[in-house]
Amino acid sequence: MSSIPEQIMKFFSSKGVKYVFGIPGGPSIPYIEAMRTNGIEFVLVANEQSAAIMADVFGRLTGMPGVCHATFGPGATNLSTGIGGAYLDRSPLVALTTEVNNEYIGRKYQMNIDHQALFKPITKWTTRLSHKNCMTTLSKAFSLAASEVPGPVHLGLPIGLEEEFAQDDIYISKETGLIAPDEKDINNAVAFIQKAKKPIIVIGLTATRHCFYHAVRRFINKHNIPVVLTPMAKGIISPEHPNYVGVVFHAQSEYAANIYRESDLVIGIGYDPVEFNYETWMPNVPLIHIDTEPADISPAFNVVQNVVGDIAETLKLIDRHNLPVFDWDLTFLQANKCKMFEALNPTKRESFTPSDAIKTLREVFPKNGILTSDVGAHLHLLGQLWKVEEPNEFIITNGWSSMGFGIPSAIGAKLCMPEKTVVCITGDGGFLMNCGEILTARRLGLNVVIIVFCDSKLSLIELKQDRKKTPRYGTVLYEGEYFKADSFFGAPVLKVRDANQMKESLLKAFSMNGPVILETVIDGAVYNSLVAKNYK
């Protein structure tokens with residue numbers, strides 16, 4: 001009979017788990033050995049937060065729960081930051097942490113805290129394994145993590161469990177799938193659409209998660225309705241599409257507001273308010289909410305109709321009805337969009353701006369490459385300016401929005417899709433948080449290109465201070481050069497000061513082995529004119 005670590009890793013292997021990301025403790029050793037003997041690679045990271053982020057990205061790109069591990073106490077609390085990201089960014093994930101055995105629950109014990117209390121508010125489920133429930137709980141955890149709405153599940157591994165043998169069988173979940181939309185709800189929604197003169201469509205991350213973009217594209221191509229995206233839905237439709245308006249609430253989104261403020265009906269398709277609440281931006285007009293869950297919106301707004309269930313089926317059923325030709329002028333939409341993109345590229349500046357850097361990257365970026373971004377002022381610019389043709393080619397955190405996301409997310413994406421070019425853009429502040437993962441990428445031989453936007457300060461916080469009319473304080477990171485060497489943790493550092501240097505450095509970086517850093521000095525002063533004016 002196999003030990004519990006062996007049984008767990010055999011189960012992981014049967015589910016297609018290729019990696020477990022984390023940092024081990026002494027009690028983890030039997031589990032690490034079981035990974036090795038079952039063909040699962042343990043990816044040692046520099047910080048447990050990164051382990052959870054890598055598992056999060058693996059879950060997003062495959063639809064299968066990513067797996068991460070930490071020891072107790074500080075290992076678990078470090079891990080929790082990344083777990084919160086998977087929770088609010090809707091990524092399937094299974095997190096394992098070492099815990100004290102039953103004898104020491106509630107007692108004083110070195111490094112000991114209540115892991116169940118820690119993880120309860122940021123997971124779909126948290127529990128402890130025992131020899132009596134091990135396989136049942138494990139299989140249930142995988143099923144729950146991937147079910148709608150996906151998210152993390154936490155499993156505690158008590159000390160001593162590795163010496164036990166499971167006494168239960170694998171739990172066989174009854175997969176229910178997405179429910180069919182209610183016919184009455186469909187008919188009500190159609191009635192309101194038929195009355196509308198100027199409806200708009202807003203698409204969110206649920207449509208990306210479920211690969212509903214084919215159904216959404218068919219619906220959009222058939223109807224003369226403007227389309228707004230949330231940042232995590234970029235790629236659902238091309239920015240070149242005649243119906244494309246822009247991204248809500250990111251840089252220069254006032255241009256998108258020019259369109260949606262004229263609307264008399266908002267049709268939310270896969271819209272998850274974890275990115276932005278409806279009432280934060282939409283006009284106070286009726287709402288049709290088409291999603292896997294009912295709308296979460298202020299009672300002050302009028303939700304005309306929830307249509308809950310399979311989004312693709314919902315759009316198909318709506319499309320069987322005769323919908324009118326609406327009063328939108330596509331020529332005006334196109335002109336407005338062109339003005340927005342022009343405004344995102346400030347001209348007549350001698351300095352090298354973040355817009356210049358992004359434009360240069362786009363020119364040489366391979367088709368189907370993956371760009372990940374850290375949190376910061378640059379993300380608000382990327383969210384609007386970076387043109388994406390397909391989903392999951394722009395990976396960010398928007399529900400959780402934790403700095404430090406950029407580098408580990410790039411490593412996770414490269415491990416998941418090694419054939420693709422993967423680039424990360426991070427600010428100099430975000431880089432500091434998980435720069436230890438440069439060693440992880442180097443050890444794994446991963447060619448990820450890390451573009452560090454260097455302006456020596458926390459630009460987004462300064463922008464907020466300016467708008468609140470308070471003095472700038474507590475935002476300066478350093479003086480002088482950021483990298484005063486040609487390498488960092490053994491990774492080459494290429495100096496970028498203008499567009500020509502950036503293009504040359506990118507082409508060189510793409511051809512190299514291992515991680516490469518581009519120290520990209522930019523003029524952050526332009527953020528104030530680019531980031532949405534209603535962003536506080």
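If you're wondering where the values come from, they're calculated on a predicted model, not measured in any experiment.

**Observations concerning the pattern of salt bridges**
Then, number 1: Considering all chains together, one arrives at 18 salt bridges under this definition.
Then, number 2: Two residues, Asp89 and Arg60, come together in a salt bridge whose shortest N-O distance is 3.5 Å. Here the residue Asp89 occupies a position in the loop between helix H4 (74-88) and strand E4 (93-99), and Arg60 occupies one in helix H3 (residues 48-62), the gap between them amounting to 29 residues. Taken as a pair, Asp89 and Arg60 share a single burial class, namely buried.
Then, number 3: Glu481 is the partner of Arg497 in a salt bridge, and the nearest nitrogen-oxygen pair spans 4.0 Å. In this pair, Arg497 is assigned in the loop between strand E18 (491-496) and helix H20 (499-510) and Glu481 in the loop between helix H19 (459-467) and strand E17 (487-488), connecting sequence segments 16 residues apart.
Then, number 4: Judged by its relative accessible area of 34%, Arg497 falls in the partly exposed class.
Then, number 5: Taken together, the shared-partner salt bridges connect Lys457, Glu462, Asp466 and Arg472 into one network.

**A look at the packing of helix H9 (residues 213-222) against helix H12 (residues 311-319)**
Then, number 1: It is the contact of H9 with H12, at a shortest axis distance of 9 Å, that shows an interaxial angle of 25°. Our classification of the angle between H9 and H12 gives roughly parallel. In the crossing of H9 with H12, the sense of the turn from one axis to the other is left-handed. In this structure, H9 uses Ala215, Val216, Phe219 and Lys222 to contact H12, whose residues at the interface are Ala312, Leu315, Ile318 and Asp319.
Then, number 2: Split into classes, the residues belonging to the contact of H9 with H12 amount to six nonpolar, no polar and two charged.

**A short note on the sheet that holds E18**
Then, number 1: Pairing is mixed across the open sheet formed by seven strands, whose spatial order is E14-E13-E15-E16-E19-E18-E17. Sheet topology places strand E14 (394-395) and E17 at the edges, where each strand pairs with a single neighbour.
Then, number 2: Sheet analysis places E18 next to strand E19 (residues 516-521), joined by four bridges and oriented parallel. Looking at E19, one finds that Lys495 is bridged to Glu519.

**Overview of empty space enclosed by the protein**
Then, number 1: If you walk through the whole model with that rule in mind, you get one cavity of 30 Å³ or more.
Then, number 2: Its volume calculated, the largest cavity comes out at about 60 Å³.
Then, number 3: Every residue lining the largest cavity is listed: Gln49, Ile53, Asp56, Arg60, Thr81, Gly82, Gly85, Asp89, Thr397, Trp400, Ser402 and Phe405.
Then, number 4: At the level of secondary structure, the elements contributing two or more residues to the lining of the largest cavity comprise H3 and H4.
Then, number 5: For the lining of the largest cavity, the leading source of residues is H3, giving four residues.
Then, number 6: Here the residues of the lining of the largest cavity sort into three nonpolar, six polar and three charged.

**Some details on the layout of surface pockets**
Then, number 1: By volume, the second largest pocket is sized at about 390 Å³.
Then, number 2: Around the second largest pocket, the lining comprises 28 residues; the ones closest to its centre are Val375, Gly376, Ala377, Met403 and Leu460.
Then, number 3: At the level of secondary structure, the elements contributing two or more residues to the lining of the second largest pocket comprise helix H15 (377-385), helix H17 (428-434) and H19.
Then, number 4: Considered class by class, the residues forming the lining of the second largest pocket number 12 nonpolar, 11 polar and five charged.

**Brief notes about unusual backbone geometry**
Then, number 1: The amide bond that connects Glu148 to the next residue, Val149, takes the cis arrangement and shows omega of -10°.
Then, number 2: Mapped onto the elements, Val149 comes out in the loop between helix H6 (134-146) and strand E6 (152-158).
Then, number 3: One non-glycine residue, Ser456, lies in positive phi territory at about 70°.
Then, number 4: Relative to the elements of secondary structure, Ser456 occurs in the loop between strand E16 (448-454) and H19.

Reading guide: rules and limits
Residues numbered from 1 in each chain as written. Predicted model: local features only at pLDDT ≥ 70, side-chain atom pairs only at ≥ 80, totals over all residues. Heavy atoms only, no water. Salt bridge = Lys/Arg side-chain N within 4 Å of Asp/Glu carboxyl O. Helix = DSSP H or I, 4+ residues; strand = E, 2+ residues; numbered from the N terminus. Buried < 20%, exposed > 50% of the residue type's maximum accessible area, 1.4 Å probe, protein only. Axes fitted to C-alpha atoms, helices over the stretch in contact; angles between N-to-C directions. Parallel < 35°, antiparallel > 145°, perpendicular 65-115°, else oblique. Left-handed = near helix turned anticlockwise from the far one by under 90°. Contact = heavy atoms within 4.5 Å. Nonpolar A, V, L, I, M, F, W, Y, C, P; charged D, E, K, R; others polar. Pairing = 2+ DSSP bridges. 1 Å grid on protein atoms, 1.4 Å probe; cavity = no way out; pocket = protein on both sides within 12 Å on 5 of 7 lines; lining within 4 Å. Points joined across faces, edges and corners; volume = space filled by probe spheres on them.

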